[in-house]
Amino acid sequence: LYSQSGILDVEMLVAAGAVDQLVTTYVLRSGGRKGGSAVERALQDGTLQIEDYTNYNYNARLMAGMHGFSFMQVFEGITVTDLFKKRSFLGEDKYRIIKCPYTAKDVVTVPAANPDVCIVHVQRADKFGNAQYWGAIGSVPAAALASKRIIITCEEIVDTEIIRSSPHHTIIPAFRADAVIEVPWGAHPTEVVGHYNQDRLMYGLFMMAAANGDGLKEWMDEWIFRCPDRQAYIDHYVERFGSERLQKLVAKPFYSAPANYG
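Residues numbered from 1 in each chain as written. Predicted model: local features only at pLDDT ≥ 70, side-chain atom pairs only at ≥ 80, totals over all residues. Heavy atoms only, no water.

Engineer: Give a detailed account of helix α1 (residues 8-15), specifying residues and quantitative values.
Structural biologist: Of all the positions in α1, only L8, V10, E11, M12 and V14 are classed as buried. Turning to α1, the residues buried within the fold contact β1 (2-6), β2 (21-27), α2 (38-45), α7 (200-209) and α8 (213-225). Following α1 by one or two positions, G17 has its phi on the positive side, about 75°. (Buried < 20%, exposed > 50% of the residue type's maximum accessible area, 1.4 Å probe, protein only. Helix = DSSP H or I, 4+ residues; strand = E, 2+ residues; numbered from the N terminus. Contact = heavy atoms within 4.5 Å.)

What follows is the structure, given as structure tokens:
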């Protein structure tokens, strides 16, 4: 599993036993080695291996994969840190030092990342898979385009003319998309710019549940395994907390100035 900033997603996947190797820059390990976290428990149990990168070096791997390179040069300062010295399942391939063909100096490199599948949630897409995303963009475009297959979920499927009217928001072109699914509230309890804000209540409930394995299992039974689809999840939320609380999460309009593409 590749995840630049894994919190809920990584915790759930690890707790479900779906991950045995993780490449990341940050994961939720609340309380450190004595705290409660599915990732921490899996590391201590020996059921999970982890390779830890800086944000820059993690993104360098995806950028290399996106552009079809086999590696990418990164800053040499990493060599004095444990991020460079400590190796897990990648071993010698986590970083390699090579000679620059132009200067003959040693340069530090990271290997390209080409995940099998990227699952990405965006604000909107058309039926062909032209996907648009805006806000804090992070590694999202590189993660998608470096991957061999891309599954897109979106808050809404819109007409292609809407996509064409704002081409600068398109991060995934249709010819790279393998599937597109309309999933309103698809990122809840995290936020989606222009649609809804973070649900701090659900975050708090999850953090308390994740403090031990039994609590997290009960949470996942209630909110994942007993919900056959996303709509069932939202229906269960409304049943528990009311529709008014859900609607309070809806983002207030804050539009950017239009651009003239004529």
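Engineer: So what about the packing of aromatic side chains? Which residues, and what values?
Structural biologist: Under the criterion given, the structure shown has ten aromatic pairs. Ring plane angle 20° and centroid distance 4.6 Å describe the contact between W185 and Y196, whose orientation is recorded as stacked. Of this pair, W185 sits in the loop between β11 (179-182) and α7 while Y196 sits in the loop between β11 and α7; the two residues are eleven residues apart in sequence, bridging distant segments of the chain. Accessibility assignment for this pair places W185 and Y196 in one class, buried. A cation sits over an aromatic face here: R87 above F84, 4.7 Å from the ring centre. Over the ring of Y53 we find K94; its NZ or CZ atom is 5.5 Å from the centre of that ring. (Phe/Tyr/Trp six-rings, centres within 6.5 Å; stacked < 30°, edge-to-face > 60°. Lys NZ or Arg CZ within 6 Å of the ring centre and 35° of its normal.)

Engineer: Help me get a handle on the packing of α7 against α8, residues and values and all.
Structural biologist: At a minimum axis separation of 7 Å, α7 and α8 run at an interaxial angle of 135°. The angle between α7 and α8 places the two elements in the oblique class. Side by side, α7 and α8 meet where M202, L205, F206 and A209 of the first sit next to G215, L216, W219 and W223 of the second. In terms of residue class, the contact of α7 with α8 is made up of seven nonpolar, one polar and no charged. (Axes fitted to C-alpha atoms, helices over the stretch in contact; angles between N-to-C directions. Parallel < 35°, antiparallel > 145°, perpendicular 65-115°, else oblique. Nonpolar A, V, L, I, M, F, W, Y, C, P; charged D, E, K, R; others polar.)

Engineer: Which residues make up the layout of surface pockets, and what values do they have?
Structural biologist: Of the voids in this model, the second largest pocket is the one considered here, and its volume is about 760 Å³. Taken together, 26 residues form the lining of the second largest pocket, with W134, G194, F254, Y255 and S256 sitting closest to its centre. When residues of the lining of the second largest pocket are traced back to their parent elements, those giving at least two are β7 (117-125) and α6 (160-165). Partitioned by chemical class, the residues of the lining of the second largest pocket number 13 nonpolar, nine polar and four charged. (1 Å grid on protein atoms, 1.4 Å probe; cavity = no way out; pocket = protein on both sides within 12 Å on 5 of 7 lines; lining within 4 Å. Points joined across faces, edges and corners; volume = space filled by probe spheres on them.)

Engineer: A description of the side chain of H169 should follow, citing residues and the corresponding values.
Structural biologist: Its location among the elements puts H169 in the loop between α6 and β10 (170-172). For H169, the side chain forms a polar contact with the side chain of H168, separated by 3.2 Å. Sequence-distant contacts of H169, defined by excluding residues within four places in its chain, comprise R124, A131, Q132, Y133 and W134. (Polar contact = N/O pair within 3.5 Å; in protein donor to acceptor, adjacent residues only side chain to side chain.)

Engineer: For the sheet that holds β2, give the residues involved together with the corresponding values.
Structural biologist: Here three strands make up an open sheet; going across it, the order is β1-β2-β3 and the pairing parallel. Among the strands making up the open sheet, the edge pair consists of β1 and β3 (49-52). Here the strands of the sheet are splayed against their neighbours by 35° on average, with no regard to which way each runs. (Pairing = 2+ DSSP bridges.)

Engineer: Describe the pattern of salt bridges, naming the residues involved and giving the relevant values.
Structural biologist: Pairing between side chains of opposite charge can happen when their charged atoms approach one another. In this structure the tally under the stated criterion is eight salt bridges. One salt bridge connects D93 with R96, and the closest N-O pair in it is separated by 3.0 Å. The class of D93 is partly exposed, set by a relative accessible area of 38%. R96 sits in the partly exposed class, given a relative accessible area of 46%. K148 is paired through a salt bridge with D116; the nearest N and O atoms lie 3.3 Å apart. Here the residue K148 occupies a position in the loop between α5 (140-146) and β9 (149-157), and D116 occupies one in the loop between β6 (106-111) and β7, the gap between them amounting to 32 residues. Owing to a relative accessible area of 53%, D116 belongs among the exposed residues under this scheme. (Salt bridge = Lys/Arg side-chain N within 4 Å of Asp/Glu carboxyl O.)

Engineer: Tell me about the environment of R176, residues and numbers included.
Structural biologist: Looking at the secondary structure, you find R176 in the loop between β10 and β11. When the C-alpha atoms of R176 and F128 are compared, they prove to be 9.9 Å apart, with 48 residues separating the residues in sequence. The contacts of R176, once residues within four sequence positions are left out, are A144, L145, S147, K148 and I150.

Engineer: Describe the nonpolar core, naming the residues involved and giving the relevant values.
Structural biologist: With 30 residues, the main nonpolar core has V14, L48, F206 and W219 as its most contacted residues. Of all the secondary structure elements, the ones that give two or more residues to this core are α1, β2, α2, α7, α8 and α9 (230-241). With 29 residues, the next largest nonpolar core counts L62, I78, V110 and V120 among its residues. (Core = buried A, V, L, I, M, F, W, Y, C linked by side-chain atoms within 4.5 Å.)

Engineer: Hey, could you go over the packing of α1 against α8 for me, with residue numbers and the actual values?
Structural biologist: Two elements in contact, α1 and α8, have axes whose closest approach is 11 Å; the angle formed by their N-to-C orientations is 105°. For the element pair α1 / α8, the angle class is roughly perpendicular. For the pair α1 and α8, the contacting residues are E11, M12 and A15 in the first and L216, W219, M220 and I224 in the second. Residues of the contact of α1 with α8, tallied by class, amount to six nonpolar, no polar and one charged.

Geometric descriptors of this kind do not, in isolation, establish any biological role.
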